[in-house]
Amino acid sequence: MVARALSFGAVAEAYERFRPGYPVELLDLVMAYAGGPIRTALEIGAGTGKATRLFAQAGIAVTASEPDAAMLAELRKHPQANVTTVQAAFEDLPLDSSYELVYSAAALHWTKPEGRWDRMAALVQPGGVFASFGVPIQLADPALQEAARAARAPYLEDDGVPSPDGTPADRPMQWPGTELQQSEWFSDVRQAVIERRLTMSAHDYIGQLSTVSAYVMLQPADRDQVFRQILQVLPETVELNAEVHVHLARRRP
């Protein structure tokens, strides 16, 4: 998991090009939950800035932290006056500042579980908001999804990331909501899904897969072969289920 967490720098440019951004509905959801203006935010694992730009465009002063220098370099190609970048892992962030909002976009599962919520509580102001969200992209057509799975099977059994706390997929509350509900520091835990469908070329879909850690970790020859085999079973254009999974919680006073 540590190696996978640090693998994205090798595909930073592809990550920026092929990963979809986040919809304005996500910003609306977080702001409505906050119930008032948000002026300061800390982003954990900012990557190339997909979520950074969404929150910064709302006038929020964002401190975007990211441990990988190559990913951070991509983020810095799109400078914004109210964004400050910091090269640091979550575990290395100083605890001398706190924020009205702390959020993580598809990166929280890479943080270490030991002391995760104690550290998070130190970064979120009392009464402030924590948000975690991600987009587990899947082919919308079940038949295509199965064909792609069969194509990758000789090299890769599963291309997802397992639930960090082992929560089964059929449980009403998913991780990190499960851990937030057990934390003494957070309350009013909510889970939401923002429905979204995207259409892209099969080649762009392969480009998106090239930024997924499970594929990045393959040997180059195996990775190329997997992508060729998946491409062979896809039509020229594919529809994707790109719904956004969101968890929200409030820092107890």
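Values in this document were obtained by computation on a predicted structure and should not be read as measured data.

Trainee: Hey, could you run me through the environment of Asp159 in this one?
Mentor: Relative to the elements of secondary structure, Asp159 occurs in the loop between helix H7 (142–152) and helix H8 (177–182). On the accessibility criterion, Asp159 (19% relative accessible area) is buried. In this structure, the C-alpha to C-alpha distance between Asp159 and Tyr215, residues 56 residues apart in sequence, is 7.2 Å. Within polar-contact distance, the side chain of Asp159 engages the side chain of Tyr215 at 2.8 Å.

Trainee: So what exactly am I meant to see when it comes to the pattern of salt bridges here?
Mentor: Here the idea is simple: oppositely charged side chains can pair when their charged atoms come close. Scanning all chains against the criterion turns up nine salt bridges. Residues Glu74 and Lys77 are paired through a salt bridge, measuring 2.7 Å at the closest nitrogen-oxygen approach. Take Lys77: its relative accessible area is 53%, and that puts it in the exposed class. Here Arg190 makes a salt bridge to Asp188, at a shortest N to O gap of 3.1 Å. Arg190 gets classed as partly exposed once you look at its relative accessible area, which sits at 43%. One connected set of salt bridges, linked through shared partners, spans Asp188, Arg190 and Arg250.

Trainee: It is not clear to me how the sheet that holds strand E9 (residues 237–241) should be interpreted in this structure. Could you clarify?
Mentor: What holds strands together in a sheet is hydrogen bonding between their backbones, with the strands either parallel or antiparallel. With respect to topology, three strands assemble into an open sheet ordered E6-E9-E8, the strand pairing being antiparallel. What marks the edges here is a single partner per strand, and that holds for strand E6 (138–139) and strand E8 (197–201). Here E8 pairs with E9 via five bridges, running antiparallel. Bridge assignment links Met200 to a residue of E9, and that residue is Val238. Strand contacts of helix H9 (residues 202–209): E6, E8 and E9, with the helix running at about 105° to E8, the strand carrying the most contacts.

Thresholds, definitions, all that
- Residues numbered from 1 in each chain as written.
- Predicted model: local features only at pLDDT ≥ 70, side-chain atom pairs only at ≥ 80, totals over all residues.
- Heavy atoms only, no water.
- Helix = DSSP H or I, 4+ residues; strand = E, 2+ residues; numbered from the N terminus.
- Buried < 20%, exposed > 50% of the residue type's maximum accessible area, 1.4 Å probe, protein only.
- Polar contact = N/O pair within 3.5 Å; in protein donor to acceptor, adjacent residues only side chain to side chain.
- Salt bridge = Lys/Arg side-chain N within 4 Å of Asp/Glu carboxyl O.
- Pairing = 2+ DSSP bridges.
- Contact = heavy atoms within 4.5 Å.
- Axes fitted to C-alpha atoms, helices over the stretch in contact; angles between N-to-C directions.

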